[in-house]
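Structural characterization, general
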Amino acid sequence: MFNLITGRAGYGKSYYIKEQIGKLLDNNNEDIVLIIPEQSSFTQEKALLRQFGPKKASQVEIFSFTRLAHKLCEQYGGTLKDTVDTFGKIMIMSRALHTVSHQLKLYFRQVGSIPFIKAMLSIISEFKNNGIYPDNLSILNAKLPDGVLKQKINEISLIYSVYDTILNEKYRDPQDDLQHLNNILKQNDYFKNKHVFIDGFKGFTYTEFEIISQIMKKAEDTNISLCIDPDEIYKNNNYNLFSSVAQTARRLINIAKKNGMTGVNLIKLKTPCRFKSEDLKHLEKMIFDPYSSPVLDKPDNICIYSASSAYDESEYIARTIRKLIIQGYRYRDMVIIARDISQYE
């Protein structure tokens, strides 16, 4: 079973997932995995601990994709090598270029160039994000007619292959961890009979899609939340703000169908939960809508102040905060958000 949980920002997707986790915990189900972005792992662990208590919260395995890779690599594939940092990658790329320099025609003169080294590292990073490796480039190159493009791909493939060989002698590239995880999942049943929840992602890389596909094949059910209006999923509007998220949703549905999952359930959350104010609910709904409609009454909870300078703007905010404090609010109840904080320093 694949459940795709959709809704706009603040419509309760994470809350819905916690509700489902709570129901499983109430039934003494311990095969629960929650996958979240790296930067929000501490916040989510804290939220589960607060909601379910230490005993029940400890029954939920919480991972980012990277942490999941580390766990399963240790469990099934031995200990991981030391990672290589950016400076290390530059040194390894420099060595790789000098190793193959006698085989290069187009890029021979750039072998000792630091900008070229960084450009090659950027290209390889992009390749890895999209699941492209030297073997893939070799297959593609064999189909191309003779010419400059064929020679370029041939030389990039050669550099890529030698770079990876040298790097893997003693180190590992963190970008390869997810590919290693994908290979482990193909050969093992870690997710068999587990209830998997994936929350907080705007999109996925090629390798992450591959991992999700492996999870769908083995798990009891897979639940993924996406921040998108469910009515926008099948609209082919590439200029829409959420078009990339819609593409992600369609791709996940297709992956589920390819894996033979007949039960694809689209859960549509239509009621905003985050905002108590009707003004803010209306603003959230209409701010990016080209056919937005104005509020009927004057908003009581939204104020726009046109400041003459950054100093004037800061002074207004300070006065407003002081006024709210006198009224009984706490400093912890307030948030200041700026596009570029440096201009106020």
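On a predicted model such as this, the values are computed, not experimentally measured, just so you know. (Residues numbered from 1 in each chain as written. Predicted model: local features only at pLDDT ≥ 70, side-chain atom pairs only at ≥ 80, totals over all residues. Heavy atoms only, no water.)

Here we take up the packing of helix α8 (residues 177-187) against helix α9 (residues 206-218). α9 packs onto α8 with a crossing angle of 20 degrees between their chain directions and a minimal axis gap of 9 Å. One way to sum up the angle between α8 and α9 is to call them roughly parallel. Considering only the axes of α8 and α9, their crossing is left-handed. Between α8 and α9, the residues in contact are Leu178, Gln179, Leu181, Asn182, Leu185 and Lys186 and Thr207, Glu208, Glu210, Ile211, Gln214 and Lys218, respectively. In terms of residue class, the contact of α8 with α9 is made up of four nonpolar, four polar and four charged. (Axes fitted to C-alpha atoms, helices over the stretch in contact; angles between N-to-C directions. Helix = DSSP H or I, 4+ residues; strand = E, 2+ residues; numbered from the N terminus. Parallel < 35°, antiparallel > 145°, perpendicular 65-115°, else oblique. Left-handed = near helix turned anticlockwise from the far one by under 90°. Contact = heavy atoms within 4.5 Å. Nonpolar A, V, L, I, M, F, W, Y, C, P; charged D, E, K, R; others polar.)

Attention now goes to the confidence of the model for the protein. Counting all residues, the mean pLDDT for the protein is 88, and 97% of those residues have values of 70 or more. The weakest mean pLDDT in the protein belongs to helix α11 (residues 278-286) at 79; the strongest belongs to strand β6 (residues 195-198) at 95. (pLDDT = per-residue confidence, 0-100.)

Phi at asparagine 28 is positive, roughly 60 degrees, even though this residue is not glycine. Of note, asparagine 28 is situated in the loop between α1 (13-26) and β2 (32-35). The backbone phi angle of asparagine 193 is positive, close to 65 degrees, even though this residue is not glycine. Take asparagine 193: it is sitting in the loop between α8 and β6. Of the residues examined, asparagine 193 reaches a relative accessible area of 44% and is grouped as partly exposed. (Buried < 20%, exposed > 50% of the residue type's maximum accessible area, 1.4 Å probe, protein only.)

What the rule picks out here adds up to 13 salt bridges. Its salt-bridge partner being lysine 56, residue aspartate 26 comes within 2.8 Å of it at the nearest N-O pair. Of this pair, aspartate 26 sits in helix α1 while lysine 56 sits in helix α2 (residues 41-57), and the two are 30 residues apart along the sequence. For aspartate 26, a relative accessible area of 52% puts it in the exposed group. For lysine 218, the salt bridge identified is with aspartate 189, shortest N-O distance 3.5 Å. Here lysine 218, found in helix α9, pairs with aspartate 189, found in the loop between α8 and β6; they are 29 residues apart in sequence, far enough to count as distant. The class of lysine 218 is partly exposed, set by a relative accessible area of 22%. (Salt bridge = Lys/Arg side-chain N within 4 Å of Asp/Glu carboxyl O.)

Right, let's get into the packing of aromatic side chains. Aromatic ring pairs are described here by two measures, namely the spacing of the ring centres and the angle between the planes. Summed over the entire model, instances satisfying the criterion amount to nine aromatic pairs. On the numbers, 6.0 Å between centres and 10 degrees between planes, the contact of phenylalanine 127 with tyrosine 160 is stacked. Of this pair, phenylalanine 127 sits in helix α5 (residues 114-129) while tyrosine 160 sits in helix α7 (residues 148-170), and the two are 33 residues apart along the sequence. Here the two residues phenylalanine 127 and tyrosine 160 agree in accessibility, since each one is buried. Both rings, one in phenylalanine 201 and one in phenylalanine 204, keep their centres 5.2 Å apart while their planes meet at 35 degrees; by these two values the pair is tilted. A relative accessible area of 12% means that phenylalanine 204 is categorised as buried. Cluster of aromatic residues (ring-pair linked, three or more members): Phe65, Phe201, Phe204 and Phe209. (Phe/Tyr/Trp six-rings, centres within 6.5 Å; stacked < 30°, edge-to-face > 60°.)

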